[in-house]
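# Fold and contact review
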Amino acid sequence: AAGMQAAKSPFSTTEKPTPLSDVKSYNNFYEFGPGKADPAANADALTTAPWRVSVEGLAARPGEFDLEDFMKPYALEERIYRMRCVEGWSMVVPWVGFPLAEVLKKAEPLGAAKFVAFESLSRPEEMPGQRGLFQLLDWPYVEGLRLDEAMHPLTILAVGLYGEALPNQNGAPLRLVVPWKYGFKSIKSIVRIRLVEKQPPTSWNKQAAGEYGFYSNVNPNVDHPRWSQATERRIGEGGLFAKRRPTLMFNGYAEEVASLYSGMNLQKLF
Amino acid sequence: MPAERLKSFNAALRRLPGFSVYILGFCPALWLFCLGLEDRLGPEPVRALEHGLGLWALRFLLAALAVTPLRRLARIDLLRFRRALGLLAFYYAALHVAAYAAIDMGLSFDAVMADIAKRPYLTIGMAGFALLTPLALTSNDWSIRRMGAEAWRRLHRLAYVAALAGAAHFLLAVKSLPAEPAIYAAVTGLLLFYRLFGGRRIAPRAP
């Protein structure tokens, strides 16, 4: 893939990025299988060009675009973010993308719009996880954010990482990145962005409502019902004897995002 | 398998020295440790080591439980190796617990105990390991003589409970319901089903 020119961002962490080989080989992307190595093994089959994406729903200027046209108005930025998986591991990824807020502003949300619903590609012929008798989730994968979360400057749509176009296994060609939430909120291979009035359904919440909430903010004080969220293991760091590191509130982005949730009971609205 | 072939196969098995099972049986652990020390266990080496050891514990336990159905249904006689298979299951479960406590949790015993008490998948897993302990301690001729065959057999039925605990522990430790833990649970269920409803017992051989 061609190199991507991206401006540095003050939102980037100075922590050491996870090696590209790990970022590309250790993925959760159930459309390509449940194993961590499955996406890297199976995602080559995905056709990412041409790619259509629509912005629709409660917006004054909805539209459907080819990906190139969709991206063209926005300046690319490099955002080096921590990524914390709900399973208890984390990475640091240098994403390339642009703020979701710019996309939404351009669409001009109507007053009634309170949430943003996202939808991934459904294409069983290229996605083995969407075929067969037993499927782990309902397809297409869907996710959602409250409008103020979606408009937050940390929230981006990514089209690349490490200065290159997104590898298929990382959610090519267009994915969401919400760094203060568990990784599964950052929906991959997006085809639809919809402004809506009511809180939209989300895939893991539909699968196990008691385990995965709508908000799914990284929170060391609210455990997953089956395992602790107090610590995490940083991928590609120090081999067998590396220590776990403490998980930070809002994945270390509390200063930027805590105000979005003031007055909310985060134990209940996990 | 045709009768002649089966006969020579079982004869070949009889010629295998008993300790060969231990030598083969410890290869996966050795392999995992070597990979781990060379940092070749992938992006999450601690989990890979833990998971690998636990998986082999379950495999050996299920293999030990499969000995009798294999004898009855396929006439393959692995009875000589059953004790070794059972003990290997215990050793791997012990290594699995040790890797969790020492490497994953950094020997922080308070955290380990709190974790085990609080997380059903860990409580169940530890219960399975605890059940294997008396079985391992009595897996010797002296214990069988001392306890009497009937009491010994009764005690060792706990192996089924331990296998169920192991399979449940695996299922509860993962998101969603992927195929791998579901397959182990299904095999465990089949073995238990055969034990409960699989027909007549083979009369124990004369000592």
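As the structure is a prediction and not an experimental result, all values here were calculated from the model.

About the cut-offs
- Residues numbered from 1 in each chain as written.
- Chains lettered and ligands numbered in written order.
- Predicted model: local features only at pLDDT ≥ 70, side-chain atom pairs only at ≥ 80, totals over all residues.
- Heavy atoms only, no water.
- Helix = DSSP H or I, 4+ residues; strand = E, 2+ residues; numbered from the N terminus.
- Rg over C-alpha atoms; globule rule 2.2 N^0.38 Å.
- Buried < 20%, exposed > 50% of the residue type's maximum accessible area, 1.4 Å probe, protein only.
- Contact = heavy atoms within 4.5 Å.
- Buried area = accessible area lost by both parts, 1.4 Å probe.
- Salt bridge = Lys/Arg side-chain N within 4 Å of Asp/Glu carboxyl O.
- Polar contact = N/O pair within 3.5 Å; in protein donor to acceptor, adjacent residues only side chain to side chain.
- Nonpolar A, V, L, I, M, F, W, Y, C, P; charged D, E, K, R; others polar.
- Disulfide = S-S within 2.5 Å.
- Axes fitted to C-alpha atoms, helices over the stretch in contact; angles between N-to-C directions.
- Parallel < 35°, antiparallel > 145°, perpendicular 65-115°, else oblique.
- Left-handed = near helix turned anticlockwise from the far one by under 90°.
- UniProt positions renumbered as here; feature names shortened; annotations may be inferred.
- 1 Å grid on protein atoms, 1.4 Å probe; cavity = no way out; pocket = protein on both sides within 12 Å on 5 of 7 lines; lining within 4 Å.
- Points joined across faces, edges and corners; volume = space filled by probe spheres on them.
- Pairing = 2+ DSSP bridges.

### Re the overall build of chain A
In terms of helices and strands, chain A carries seven helices and 12 strands. Its C-alpha radius of gyration of 18 Å places chain A within 12% of the 18 Å reference for a compact globule of 270 residues. Relative to its 270 residues, chain A shows a buried fraction of 56%. Long-range pairs, those at least 24 residues apart, make up 72% of the contacts in chain A with a sequence separation of at least 6.

### Things to note about the interface of chain B and chain A
With 25 residues of chain B at the contact, the number on the chain A side is 25 residues. In this assembly, chain B packs against chain A so that about 2,100 Å² is buried in total across both faces, 56% of it on carbon and sulfur atoms. A salt bridge links A:Glu87 to B:Lys175; the shortest N-O distance between them is 3.3 Å. Summed over the shared surface of chain B and chain A, the result is 11 residue pairs in polar contact (both at pLDDT 80 or more). A total of four residues in the side of chain B that touches chain A trace back to one element, the largest contributor, which is helix H4 (residues 45-74) of chain B. Per-class residue counts for the side of chain B that touches chain A are 15 nonpolar, two polar and eight charged.

### Looking at the state of the cysteines
Tallied over the full model, the rule gives zero disulfides over all chains. Looking at B:Cys27, it has no disulfide partner, and the nearest cysteine sulfur is the one in B:Cys34, 10 Å off.

### A closer look at unusual backbone geometry
The residue after A:Ala49, namely A:Pro50, is reached through a cis peptide bond having omega 0 degrees. As for its position among the elements, A:Pro50 is in the loop between helix H2 (38-42) and strand E1 (52-57). At the junction of A:Ala172 and A:Pro173, the peptide bond is cis and its omega measures out at -5 degrees in the coordinates. When you line up the elements, A:Pro173 lands in the loop between strand E8 (164-165) and strand E9 (175-177). Here the phi dihedral of A:Asn251 falls at roughly 55 degrees; this positive angle occurs in a residue that is not glycine. Among the secondary structure elements, A:Asn251 is positioned in the loop between strand E12 (245-246) and helix H7 (254-257). Note on A:Asn251: relative accessible area 2%, which makes it buried. Located in the positive-phi region is B:Asp39, a residue other than glycine, with phi close to 60 degrees.

### Details of the packing of helix H7 (residues 120-137) of chain B against helix H10 (residues 158-172) of chain B
Geometrically, a packed helix pair is captured by the angle between its two axes and the distance between the axes. Residues and elements named next belong to chain B. Orientation of H7 relative to H10, taken along the N-to-C sense of each, is 155 degrees, at an axis distance of 8 Å. It follows that H7 is roughly antiparallel to H10 by the angle criterion. By crossing handedness, the relation of H7 to H10 is classed as left-handed. Judged by residue contacts, Tyr 121, Leu 122, Ile 124, Gly 125, Gly 128, Leu 131, Leu 132 and Leu 135 of H7 engage Leu 158, Ala 159, Val 161, Ala 162, Ala 165, Ala 168, His 169 and Leu 172 from H10. Taken together, the residues of the contact of H7 with H10 sort by class into 13 nonpolar, three polar and no charged.

### Overview of the UniProt feature "transmembrane region" (unreviewed entry) in chain B
In the numbering used here, UniProt assigns the "transmembrane region" (unreviewed entry) feature to residues 12-33, 53-73, 85-109, 121-137, 158-175 and 181-197 of chain B. End-to-end, the C-alpha atoms of residues 158-175 of chain B are 28 Å apart, and along that stretch the chain is 83% helix and 0% strand.

### Concerning empty space enclosed by the protein
Overall, the coordinates contain three cavities of 30 Å³ or more when judged by the stated rule. Empty space within the largest cavity amounts to approximately 350 Å³. Looking at the largest cavity, it is lined by 26 residues, and the ones nearest its centre are A:Asn28, A:Arg175, A:Gly183, A:Phe184 and A:Lys188. Top contributing element to the lining of the largest cavity by residue count: strand E4 (residues 89-99) of chain A, with four residues. Taken as a whole, the second largest cavity holds about 60 Å³ of empty space. Around the second largest cavity sit A:Arg233, A:Arg234, A:Ile235, A:Gly236, A:Glu237, A:Gly239, A:Ala242, B:Pro43, B:Glu44, B:Pro45 and B:Val46, which together line it. Residue composition of the lining of the second largest cavity, by class: five nonpolar, two polar and four charged.

### A few points about the sheet that holds E1(A)
All names here are of chain A. Read from one edge to the other, the open sheet built from five strands follows the order E2-E1-E10-E5-E6, with strand pairing classed as mixed. Looking along the sheet, the strands with just one partner apiece sit at the ends: strand E2 (63-66) and strand E6 (142-146). The mean inter-strand angle of the sheet, taken between neighbouring strand axes irrespective of direction, is 15 degrees. In terms of strand pairing, E1 meets strand E10 (residues 190-196) through four bridges, oriented parallel. Across the sheet, residue Glu 56 finds its bridge partner in E10, namely Arg 194.

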